[in-house]
Number of protein chains: 2
Amino acid sequence: MEKSALQIARAAYKPKLPKALLGPVAAREGKPTQSVGDQDEIKKLFPNTYGMPVIEFEAGEPQTYAPFNVGIILSGGQAPGGHNVISGLFDGVKSLNPANKLYGFILGPGGLVDHNYMEITPELMDEYRNTGGFDIIGSGRTKLEEEDQFEKGIQILRQLGIKALVIIGGDDSNTNACVLAEYYAAKKYGVQVIGCPKTIDGDLKNEQIETSFGFDTACKTYSELIGNIQRDCNSARKYWHFIKLMGRSASHIALECALQCQPNICLVSEEVEAKAMSLDDVVTYIAQAVANRAAEGNNYGTVLIPEGLIEFVPAIKKLIAELNDILATPEAQNLGRSEQIDFVKAHLAKDNLAVFNSLPTSVARQLALDRDPHGNVQVSLIETEKLLSQMVAAKLDQWKKEGKYVGKFGTQHHFFGYEGRCAAPSNYDADYCYSLGYNASRLIANGKTGYMSVIKNTTAPATDWVAGGVPITMMMNMEKRNGKMKPVIRKALVELDGAPFKYFASKRAEWAKQTAYVYPGPIQYWGPSEVCDQTTKTLQLEHK
Amino acid sequence: MEKSALQIARAAYKPKLPKALLGPVAAREGKPTQSVGDQDEIKKLFPNTYGMPVIEFEAGEPQTYAPFNVGIILSGGQAPGGHNVISGLFDGVKSLNPANKLYGFILGPGGLVDHNYMEITPELMDEYRNTGGFDIIGSGRTKLEEEDQFEKGIQILRQLGIKALVIIGGDDSNTNACVLAEYYAAKKYGVQVIGCPKTIDGDLKNEQIETSFGFDTACKTYSELIGNIQRDCNSARKYWHFIKLMGRSASHIALECALQCQPNICLVSEEVEAKAMSLDDVVTYIAQAVANRAAEGNNYGTVLIPEGLIEFVPAIKKLIAELNDILATPEAQNLGRSEQIDFVKAHLAKDNLAVFNSLPTSVARQLALDRDPHGNVQVSLIETEKLLSQMVAAKLDQWKKEGKYVGKFGTQHHFFGYEGRCAAPSNYDADYCYSLGYNASRLIANGKTGYMSVIKNTTAPATDWVAGGVPITMMMNMEKRNGKMKPVIRKALVELDGAPFKYFASKRAEWAKQTAYVYPGPIQYWGPSEVCDQTTKTLQLEHK
């Protein structure tokens, strides 16, 4: 593997650990816990893993451990720091007994079911320390949900002498980790399961989990790019840049980037839904900001748009639902592409038809014609950044005719997602992930299962971070998924009464009017601590 | 101005200077020079500024200078380091006499004509040291070509007591700087004009100019992103990423990024033109690489595409020319949009019609319907990255039916341009630009006009860089522009027998087949020198 100069130099970085993990640990246990909702149902579904206490590690007495092996799985989309969770786990497991082995299951949970694995040797591990990506063992999206999968898994776990399995994933994968932990506990198979909170989207967080790993690095990478675009925008003074940011369900990424870069406009899906805004409301909001700036001679600006926005607009959600129904009829399926649009228009309810007709032709075509293999509208293909800029342009044209707007409206479009999911982890994510992995080894040594590895107080210096574990059932409630009620970890959307949103809301009128851009620049791994070691603004505001 | 932690810390960076510029200088003059082509015509057009010697600065005796003022103009697209040219010039001018003043003309050459200017004070200057962007005074695209403009310019230059004007721009702007220098010399107006070589495209370089500023930082920023995408690509193993990179005329950026990141495929426009490749040839080349990787189970990869590619495909160039003619007819202009496509098809020559019909519908529509205000096809709007991936998909479908290809072909698309033009300059660009600006003050002090500020030997440590000046006429030849022969600086395209392309060509078969990705990571401003101070691979290979 040919390496860049940065890769080589960065490999030597020694991630910091909380002081409690620097030597032997003792587990201080809290009181029995309850799930965040639907306690009776969750308790019934998880009789062996419900109600366990929160754990905090503190300095303890040295112990000796008989050799044991551990397995690790990367589940779902990439997030910066995944390799450091593995190196932390690797070092932690070896520190307990150098004879211990760590096995990686290849290409995600499917590797466990298909018995596709590799040993993570010291040489292999050293190739991946402090690097981005999940390529050491690969990731995958197979869902571990069926008993049949669990039984296939136990075969290979026994064969490899694996005492505990660590699953790195988002809310769904951690839910499934808990189901697996419960199953193995119920069957008395003697295999522990530990989860780790991953996702750049930042929507796996709650009272117990401060942040999911990767959010820090991904947001800093996107903010670097947004800052660069803003500097360009403020130099050329001729374009409005519409910038879409990854994150289907929650707007944490867009909000964090707004806090870092101070763009003219940032949309927050959760607010659009809460206020039941129509698409026209959103367009009018942007157009008004454009018109206000134009009135002062500033025909340029930046707009941040969360990827999932369109699904949070109630009217569009309704339109999509009806489109799915109409196009699923056998009559529609037998039509050619060009006839389908007329068919759709003839069958849509009046209010949905009005929304459909208000969309730019290209987007309407996409909604009506581009389906996934299940026949559903492919919302992720909709170029929301272009949809909005086209509609804003149309609105401004109308205002121009009415004498309400004088200016030029040139646009550029961007979408950032893949650019940040595999960036080399920032110091924060490098330390946080390494600690999560190292900490998981201590949860294993303490015989825990159904726990998530948790590191808290992360706005303090790393030495003061608090390491421990939280029973996964504690974060669960019952939600409808594919028509059935299921126990799941509650997804954390942007809270409109939370500190980060409130700060943003208090500033956005000023940012819209003035050019208050901040340019964060690229992630720095060396240099002054205030440059290299700052956390996200979201965390800073939440911890204030 | 609210600043990020990086902005604040980076402001303290002291750019390095060549040792010849650290104290008083003496100008060592070479022999009289000739233009690179059309010597008789160029000599006739530039009687006062033709044939001047190349200059190298060396240590000299201290001198005293009567106070004088200097003007500066930023011309054209942004490039990282523009503010450092200004700070270098500022410090250089003040070092000659602290009473000297530097004036910036606002929003480009238009500021000179319209007498729109500001003094660059020490306080203002300190706000912009080592930052990206051109926002200190703004840039613009007004071309300084007419006597009327020159005369308006001299009024304000005299009014402000400006002895010399420094113009920071690309090949066209430096050509115009030379025309202005000649005009003021002919008129004996006593105002000198000095140029500085700027453009991220990297196409302003020759025997005398090693590289244009901004190319280093822009390519490193794009390479960071490409590397991140490649790490994702190699982790998820399910997409081919088609990545378009800024650069209309030359493929230097794409080539440099390929040298840094080792993608599976990089197209080079100059090669496509030299080999007279058809669009189908290009598509087949990519599809074959996709099929070869698929045969080994690797349904993922990366393709770099220079922005200007499509205009270098001879058949497309021909098609566009005929489309422009057909759509310019009064008959065509009276048709509605939907009728225009049929009209175009009815009138295209047979071979152009075949090319037109081979294009995906959306691109054909765009070519036929989207015109600029002059009625021309808007080539820059064509999403070449999507055009190519759609055509590759169609080709693979055909091969699948013929049993020649087995695999999946999922795609993602990216276009990087605005993300890098205003990045904070790398150490290289920070030093190089500061030296260019500081050096310009020495050319001014030595009474030079019609010169470009030049710094050479830049793969050596900065102290060993060679500072001097090159007469702009030396880089000129006659070329047709808008139907008229004009004296211009010859644009530097990628040379197919140059070291960078030859190295790439020797490696690309291996990179296409294997996954040889390199991940450069973000630009670092602190840390090990091999990480922070490396030049572009292009320069390294050219200097080997």
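As the structure is a prediction and not an experimental result, all values here were calculated from the model.

## Comments concerning the overall build of chain A
Argument step 1. Helix and strand counts for chain A come out as 22 helices and 15 strands.
Argument step 2. Here the C-alpha atoms of chain A give a radius of gyration of 25 Å, agreeing with the 24 Å that 2.2 N^0.38 yields for 544 residues.
Argument step 3. C-alpha extents for chain A along the principal axes are approximately 80 × 60 × 50 Å.
Argument step 4. With 544 residues in all, chain A has 62% of them scored as buried.
Argument step 5. Taking the contacts inside chain A whose residues are at least 6 apart along the sequence as the reference set, 79% of them involve residues at least 24 apart.

## Overview of the sheet that holds strand β5 (residues 117-119) of chain B
Residues and elements named next belong to chain B.
Argument step 1. The sheet built from nine strands is open, its strands ordered β1-β2-β13-β12-β7-β6-β3-β4-β5 with mixed pairing. Of all the strands in the sheet, the pair left with one neighbour each is β1 (25-29) and β5. Between one strand and the next, the sheet's axes are offset by a mean angle of 30 degrees, whatever the strand orientation.
Argument step 2. Bridging between strand β4 (residues 101-105) and β5 involves three bridges; their strand directions are antiparallel. In the strand pairing of β5, Gly104 is matched with Met118.
Argument step 3. Packed on one face of the sheet, helix α3 (residues 82-96) meets β3 (69-74), β4, β6 (162-169) and β7 (192-197) and runs near 175 degrees to β3.

## Some remarks on the interface of chain A and chain B
Argument step 1. On the chain B side, the residues contacting the 59 residues of chain A number 59 residues.
Argument step 2. Here chain A and chain B share six salt bridges between them.
Argument step 3. Residue Arg231 of chain B is joined to Asp135 of chain A by a salt bridge in which the shortest nitrogen-to-oxygen separation is 3.0 Å.
Argument step 4. On the surface where chain A and chain B come into contact, there are 28 residue pairs in polar contact (both at pLDDT 80 or more).

## Some points on the relation of the copies chain A and chain B
Argument step 1. Rotating chain A by 180 degrees and moving it 0.0 Å along the rotation axis overlays it on chain B with an RMSD of 0.0 Å. Expressed as a symmetry operation, the mapping of one chain copy onto the other fits a two-fold axis.
Argument step 2. The residues that chain A uses at the interface reappear at the interface of chain B in 100% of cases, marking a shared surface.

## Remarks on the confidence of the model for chain A
Note that predicted coordinates carrying low pLDDT should not be read in detail.
Argument step 1. Summarising the model, chain A shows a mean pLDDT of 94, and 99% of its residues fall at 70 or more.
Argument step 2. Two numbers describe this predicted complex: its pTM, 0.96, and its ipTM, 0.96.

## Observations concerning the packing of aromatic side chains
Argument step 1. Across all of its chains, the model carries 28 aromatic pairs over all chains by this definition.
Argument step 2. When the ring centre of Tyr189 of chain A is taken as origin, the NZ or CZ atom of Arg158 of chain A, which lies over that ring, is 4.6 Å away.

## Quick word on the side chain of Thr384 of chain A
Argument step 1. Mapped onto the elements of the fold, Thr384 of chain A is located in helix α18 (residues 384-401).
Argument step 2. Among all residues touching Thr384 of chain A, those that are not within four sequence positions of it are Lys244, Ile305, Glu307, Leu309 and Ile310 of chain A.

## Regarding the packing of helix α8 (residues 215-236) of chain B against helix α9 (residues 252-261) of chain B
Residue and element names in this part refer to chain B.
Argument step 1. Between α8 and α9, the shortest axis-to-axis distance is 9 Å and the interhelical angle comes to 55 degrees. It follows that α8 is oblique to α9 by the angle criterion. Crossing of α8 over α9 shows right-handed handedness. Between α8, through Phe215, Cys219, Lys220, Tyr222, Ser223, Ile226, Gly227 and Gln230, and α9, the contact on the second element is made entirely by His252, Ile253, Glu256, Cys257, Gln260 and Cys261.

## Details of helix α20 (residues 499-513) of chain B
Residues and elements named next belong to chain B.
Argument step 1. In a regular helix each residue adds 1.5 Å, so 15 residues correspond to 21 Å; α20 covers 23 Å between its end C-alpha atoms and thus fits that length.
Argument step 2. The largest bend in α20 is about 45 degrees, located at Lys507.
Argument step 3. Inspection of α20 places Pro500, Phe501, Phe504, Arg508, Trp511 and Ala512 among the buried residues, and these make up the whole buried set.
Argument step 4. Contacts made by the buried residues of α20 are with α9, β9 (265-266), α10 (269-274), α11 (279-295) and α22 (537-543).

## Side note on helix α6 (residues 147-159) of chain A
Since the α-helix turns once every 3.6 residues, residues separated by three or four places project in the same direction.
Residue and element names in this part refer to chain A.
Argument step 1. For α6, which comprises 13 residues, the first-to-last C-alpha distance of 19 Å matches the rise-based estimate of 18 Å (1.5 Å per residue) to within 8%.
Argument step 2. Within α6, burial applies to Gln149, Phe150, Gly153, Ile154, Ile156 and Leu157.
Argument step 3. On its buried side, α6 packs onto β4 (101-105), α4 (109-113), β5 (117-119), β6 (162-169) and α7 (171-186).
Argument step 4. Backbone geometry just after α6 places Gly161 at a positive phi near 65 degrees.

## Some points on the sheet that holds β9 of chain B
As a general point, the strands of a sheet are linked pairwise by backbone hydrogen bonds and lie either parallel or antiparallel.
Residues and elements named next belong to chain B.
Argument step 1. The strand order across the open sheet built from four strands is β9-β10-β8-β11, with neighbouring strands paired in parallel fashion. The outermost strands of the open sheet, each flanked by one partner alone, are β9 and β11 (411-416).
Argument step 2. Those strands touched by α8 are β8 (240-245), β10 (301-306) and β11, and its axis lies near 175 degrees from that of β8.
Argument step 3. Sitting on the sheet, α11 is in contact with β8, β9 and β10, with an inclination near 150 degrees to β8.

## A short note on unusual backbone geometry
Residues and elements named next belong to chain B.
Argument step 1. The backbone phi angle of Asp38 is positive, close to 50 degrees, even though this residue is not glycine.
Argument step 2. Its identity as a non-glycine residue notwithstanding, Ala276 has a phi of 50 degrees, on the positive side.
Argument step 3. Tracing the backbone through its elements, the reader meets Ala276 in the loop between α10 and α11.

## Regarding the packing of helix α15 (residues 337-347) of chain B against helix α17 (residues 361-369) of chain B
How two helices sit against one another is set out by the angle between their axes and by the gap between those axes.
All names here are of chain B.
Argument step 1. At a closest axis distance of 10 Å, the pairing of α15 and α17 adopts a crossing angle of 95 degrees. If you check the angle between α15 and α17, you find them roughly perpendicular. Touching Arg337, Gln340, Ile341 and Val344 of α15 are Arg365, Ala368 and Leu369, all from α17.
Argument step 2. Partitioning the contact of α15 with α17 into residue classes produces four nonpolar, one polar and two charged.

## Describing the environment of Thr536 of chain B
Residues and elements named next belong to chain B.
Argument step 1. Summarising the element assignment, Thr536 is placed in the loop between α21 (529-532) and α22.
Argument step 2. Overall, the relative accessible area of 3% leaves Thr536 in the buried class.
Argument step 3. Sequence-wise, Thr536 and Gly410 are 126 residues apart; in three dimensions their C-alpha atoms are separated by 32 Å.
Argument step 4. A polar side-chain atom of Thr536 sits 3.1 Å from the main-chain amide nitrogen of Leu539.

## A word on the environment of Arg293 of chain A
Residues and elements named next belong to chain A.
Argument step 1. The residue Arg293 is located in helix α11 (residues 279-295) in this model.
Argument step 2. With 219 residues separating them in the primary sequence, Arg293 and Ala512 have C-alpha atoms 7.9 Å apart.
Argument step 3. Not counting residues within four places of it along the chain, the set of residues in contact with Arg293 comprises Trp240, Asn264, Asn298, Tyr300, Gly301, Ala512, Lys513, Gln514, Thr515 and Tyr517.
Argument step 4. A polar contact is formed between the side chain of Arg293 and the backbone oxygen of Tyr300, at a distance of 2.9 Å.

Definitions and limits used
Residues numbered from 1 in each chain as written. Chains lettered and ligands numbered in written order. Predicted model: local features only at pLDDT ≥ 70, side-chain atom pairs only at ≥ 80, totals over all residues. Heavy atoms only, no water. Helix = DSSP H or I, 4+ residues; strand = E, 2+ residues; numbered from the N terminus. Rg over C-alpha atoms; globule rule 2.2 N^0.38 Å. Buried < 20%, exposed > 50% of the residue type's maximum accessible area, 1.4 Å probe, protein only. Contact = heavy atoms within 4.5 Å. Pairing = 2+ DSSP bridges. Axes fitted to C-alpha atoms, helices over the stretch in contact; angles between N-to-C directions. Salt bridge = Lys/Arg side-chain N within 4 Å of Asp/Glu carboxyl O. Polar contact = N/O pair within 3.5 Å; in protein donor to acceptor, adjacent residues only side chain to side chain. Least-squares fit on C-alpha atoms with pLDDT ≥ 70 in both. pLDDT = per-residue confidence, 0-100. Phe/Tyr/Trp six-rings, centres within 6.5 Å; stacked < 30°, edge-to-face > 60°. Lys NZ or Arg CZ within 6 Å of the ring centre and 35° of its normal. Parallel < 35°, antiparallel > 145°, perpendicular 65-115°, else oblique. Left-handed = near helix turned anticlockwise from the far one by under 90°. Expected span 1.5 Å × (residues − 1). Bend = angle between axes of the 7 residues up to and from the residue. Nonpolar A, V, L, I, M, F, W, Y, C, P; charged D, E, K, R; others polar.

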